[in-house]
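# Topology and contacts: notes
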Amino acid sequence: MTSATATQTSPGPKHNIEAIREEYYQRIAKHDMTPLWKVMASVVTKEPVTRAAPVIWKYDDIKRLVMESGGLITAEEAERRVLILENPGMRGQSKATNTLFAGVQMILPGEVAPAHRHVSSAIRFVLDGAGAYTAVEGEKSYMAPGDFVITANWAPHDHGNTSEQPMLWLDVLDFPQVNFFEASFAEQFGHATQSTSRADGDSLAFYGSGVLPDGTPARPNSSPVINYTYARTRPIIERMLKAGDIDKRHGARVRYANPINGGPVLPTMGANLAMFPAGFKGESYRATDGTIFVCAEGKGTTTVDGQVLEWGPWDVFVVPPWKRYSHQVEKQSVLFSISDRPSQEALGIWREEATAH
Ligand SMILES: [Fe+2]
C-alpha cells in the first residue's frame with residue numbers, strides 16, 4: 001500500500017492542470033478508483049439512452065429460415081430449436097431489447113423439446129401450426145395461433161408436437177434481467193416429458209373464471225393460468241372495439257392479468273393484446289419500456305422515431321425505450337405486445353409520455 005495521505009496539488013497554470021489530473025487518475029486507478037466527474041454525463045443521463053434499434057423481422061423470412069433449421073438439428077439435440085431475433089444494435093448479446101430475449105422456436109411433428117426449468121420466466125406467443133403442446137407444472141396445454149402461454153420462474157416445462165404439421169412460436173424470456181442480477185439457475189430433467197396430472201385448460205378454468213379453488217394464495221407472484229387462449233381473448237377486444245372503447249394510441253387494448261390480484265402475468269414481463277379499426281391513425285406515444293410487437297391479424301405500419309416499419313401477419317418488431325411511435329392501420333388489425341414494464345413499475349422507474357412536445 002502506498003501512503004493514504006492526499007497529495008497536495010495546488011491548481012497550477014492552466015496548461016499544467018490536465019497533466020496533473022491525468023497523473024492523478026493513473027495513480028488512483030492502481031487502487032481501483034476512478035473519477036465520477038469524467039463519466040457523470042454518461043452514467044446519469046438526462047434522458048433514456050438505448051442501444052436497441054427499431055427493427056422488424058418479416059414472418060416470410062422467419063418461417064423460411066426456421067424451417068431450414070429443421071434439417072440441421074433435432075429439437076431434442078438442440079434442447080430448444082430456436083433462432084434468436086437479435087437486435088442489430090446489440091449483436092452477439094442474444095437480446096431483442098436490453099432486457100428481453102426473443103426467439104422463434106419450431107417443433108416438427110413427433111418431436112419433443114425435453115423437460116427443463118430455469119429461473120428465467122418465459123412466454124410463448126403462437127405463430128403457426130396447431131396441435132403442439134406446452135406442458136407446464138403437470139398441465140399439458142395444446143396451443144393455437146395467437147395463444148399466449150406463460151412459464152413462470154422455475155416451472156418445469158417441455159414441448160411436444162403430436163400433430164402432422166410444424167409448429168412455430170415466439171419465445172420471449174427475461175434472462176437479460178436475470179443475468180443483470182447474476183441470479184440464473186437452470187436444470188435439465190432425466191426424462192424428456194413430464195407426467196401430467198391436470199387436464200388441458202384446468203388452470204384457466206380453476207383460476208380465470210371468477211371463482212378460485214379454496215386455499216389459493218391471495219398474492220401469487222405470477223399468474224397461475226398457463227394459456228390465455230386467442231379464442232377467449234380476441235372476442236374481448238372485439239367487444240371493446242364495437243363499444244368504441246378505443247385508446248387514441250393503443251387501440252382497443254387489454255392487458256394480460258393475473259386473475260387473482262390483477263397484477264401482471266409475470267413479475268418481469270407484461271403483455272397486451274390490441275385491436276385497431278380499419279383506418280386507425282394513432283397518436284404518438286413513448287414509454288421507458290422497450291416493447292416487442294407481433295402482428296396477429298391485419299396490416300399496417302408503425303412509425304418509430306421517424307422510421308416506418310410495415311407489418312403484416314406474424315411479423316415481429318421492436319420499439320426501443322423512449323422512442324416516440326405511432327400505429328397506422330390499413331385494415332382491422334390485432335397487435336400483441338410484451339415489455340419489461342412490470343419490472344420497471346416494481347422499481348418505480350417506469351415513465352410514459354403521451355403528448356408530443
Ligand atoms: Fe425453457
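Below is a short write-up of the structure. (Residues numbered from 1 in each chain as written. Predicted model: local features only at pLDDT ≥ 70, side-chain atom pairs only at ≥ 80, totals over all residues. Heavy atoms only, no water.)

## A look at the nonpolar core
Membership of the largest hydrophobic core comes to 47 residues, with the highest contact counts inside it found for I123, F125, F148, L170, V172, I292 and F336. When residues of this core are assigned to their parent elements, the largest contribution, four residues, is made by helix α7 (residues 230-243). If you look at the next biggest cluster of nonpolar residues, it comprises 16 residues, including F276, L309, W311 and W350. (Core = buried A, V, L, I, M, F, W, Y, C linked by side-chain atoms within 4.5 Å. Buried < 20%, exposed > 50% of the residue type's maximum accessible area, 1.4 Å probe, protein only. Helix = DSSP H or I, 4+ residues; strand = E, 2+ residues; numbered from the N terminus.)

## With respect to unusual backbone geometry
At S94, a residue that is not glycine, the phi angle is positive and equals roughly 55°. Looking at where S94 falls in the secondary structure, it is placed in the loop between β2 (82-84) and β3 (101-107).

## Digging into the coordination of the iron ion
All of the protein donors around the iron ion are H116 (NE2), H118 (NE2) and H157 (NE2); their distances to the metal are 2.1 to 2.2 Å. Mapping the donors of the iron ion onto the primary sequence gives the spacing H-x1-H-x38-H. On the criterion of sequence distance, the pair formed by H116 in strand β4 (residues 112-118) and H157 in strand β9 (residues 157-161) is long-range, its members being 41 residues apart. Both residues of the pair, H116 and H157, count as buried. (Donors = N, O, S within 2.8 Å, 3.2 Å for Na, K, Ca; no water.)

## With respect to the sheet that holds strand β6 (residues 132-136)
Spatial strand order, β7-β6-β9-β4-β11: five strands in an open sheet with antiparallel pairing. Only two strands of the sheet have a single partner each, and these edge strands are β7 (139-142) and β11 (186-188). Within this sheet the neighbouring strands show an average axis-to-axis angle of 25°, counted without direction. Where β4 and β9 come together, three bridges link them in antiparallel fashion. Bridged to H116 within β9 is H157. (Pairing = 2+ DSSP bridges. Axes fitted to C-alpha atoms, helices over the stretch in contact; angles between N-to-C directions.)

## Comments concerning α7
The terminal C-alpha atoms of α7 lie 20 Å apart, and with 14 residues this matches the ideal 20 Å at 1.5 Å per residue to within 8%. The inward-facing, buried residues of α7 abut β12 (227-228), β13 (252-255), β14 (270-276), β16 (291-304) and β19 (325-339). Immediately downstream of α7, the backbone of G244 shows phi near 80°, a positive value. (Expected span 1.5 Å × (residues − 1). Contact = heavy atoms within 4.5 Å.)

## Structural notes on the sheet that holds β3
Spatial strand order, β2-β3-β10-β5-β8-β12: six strands in an open sheet with antiparallel pairing. Bordering the open sheet on either side are β2 and β12, each of which pairs with just one other strand. With four bridges connecting them, strand β5 (residues 122-128) and strand β8 (residues 148-151) associate as antiparallel partners. The residue bridging F125 from the neighbouring strand is F148, located in β8. Its contacts with the sheet put helix α3 (residues 59-69) on β2, β3, β5 and β10 (167-173), and the angle it makes with β3 is roughly 55°.

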